Amino acid sequence: QVQLVESGGGLVQAGGSLRVSCGTSGRTSVYAMGWFRQAPGKEREFVAGIDWGGSRTRYADSVQGRFTISRDNAKTTVYLQMNSLKSEDTAVYYCAAERGLMPPSTSRGQYDYWGQGTQVTVSS
């Protein structure tokens, strides 16, 4: 069984930075990990993903160049560093785990485990 717990969300001004973390339990070193987000009234969307070894990453076009995903398998933690934040980045951010050694999927249906989410609010 895999459990995921997000932390680090909060309120930040536009143009600022924030790092959210995902603490994991279980054998997540063989899982690809992803970050998704869901704004009020919108579908949950892919933000970033990283493969099990940390060598392959994928990003949504909307965050490319501003966000960075990383993982520390020794600490069983996945990070999402968010820079140059915009008001449209406001959402609940969810961590997810996808079983297997493939590159991370952008489809939420491919992920097997989800955290409870952490709120990120960007004020303009």
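Here's a quick rundown of the structure.

What counts, and at which threshold
Residues numbered from 1 in each chain as written. Predicted model: local features only at pLDDT ≥ 70, side-chain atom pairs only at ≥ 80, totals over all residues. Heavy atoms only, no water. Helix = DSSP H or I, 4+ residues; strand = E, 2+ residues; numbered from the N terminus. Buried < 20%, exposed > 50% of the residue type's maximum accessible area, 1.4 Å probe, protein only. Phe/Tyr/Trp six-rings, centres within 6.5 Å; stacked < 30°, edge-to-face > 60°. Lys NZ or Arg CZ within 6 Å of the ring centre and 35° of its normal. Pairing = 2+ DSSP bridges. Axes fitted to C-alpha atoms, helices over the stretch in contact; angles between N-to-C directions.

### With respect to the environment of Gly54
Piece 1. As for its position among the elements, Gly54 is in the loop between β5 (45-50) and β6 (57-59).
Piece 2. Gly54 gets classed as partly exposed once you look at its relative accessible area, which sits at 32%.

### Brief notes about the packing of aromatic side chains
Piece 1. Within this structure, the stated rule accounts for five aromatic pairs.
Piece 2. An angle of 55 degrees between the planes, with centres 6.1 Å apart, marks the rings of Tyr31 and Tyr113 as tilted. One end of the pair, Tyr31, is in strand β4 (residues 31-38); the other, Tyr113, is in strand β10 (residues 113-114), and 82 residues separate them in sequence.
Piece 3. Judged by its relative accessible area of 8%, Tyr31 falls in the buried class.
Piece 4. By way of ring pairs, the aromatic residues Phe36, Phe46, Tyr111 and Trp114 are connected into one cluster.
Piece 5. The aromatic ring of Tyr94 is capped on one face by Arg44, whose charged end is 3.6 Å from the ring centroid.
Piece 6. The positively charged end of Arg44 is found above the aromatic ring belonging to Trp114, 5.0 Å away from the centroid.

### Thoughts on the sheet that holds strand β3 (residues 18-25)
Within a sheet, adjacent strands bond to each other through the backbone by hydrogen bonds, running parallel or antiparallel.
Piece 1. Read from one edge to the other, the open sheet built from four strands follows the order β1-β3-β8-β7, with strand pairing classed as antiparallel. Among the strands making up the open sheet, the edge pair consists of β1 (3-7) and β7 (67-72). Each neighbouring strand pair of the sheet contributes to a mean axis angle of 15 degrees, computed without reference to strand direction.

### So, the pairing of β4
Piece 1. Most of β4 is tucked away, with seven of its eight residues classed as buried.
Piece 2. Of the strand pairs in this sheet, β4 and strand β9 (residues 91-99) are connected by eight bridges, and their pairing is antiparallel. Bridge pairing links Arg37 to Tyr93 in β9.
Piece 3. As judged from the five bridges shared by β4 and β5, these two strands associate in the antiparallel manner. Across the sheet, residue Phe36 finds its bridge partner in β5, namely Phe46.
Piece 4. Between β4 and the antiparallel strand that follows it, β5, lie six residues; Gly41 among them carries a positive phi value of about 80 degrees.

The values are spatial; any link to function lies outside them.
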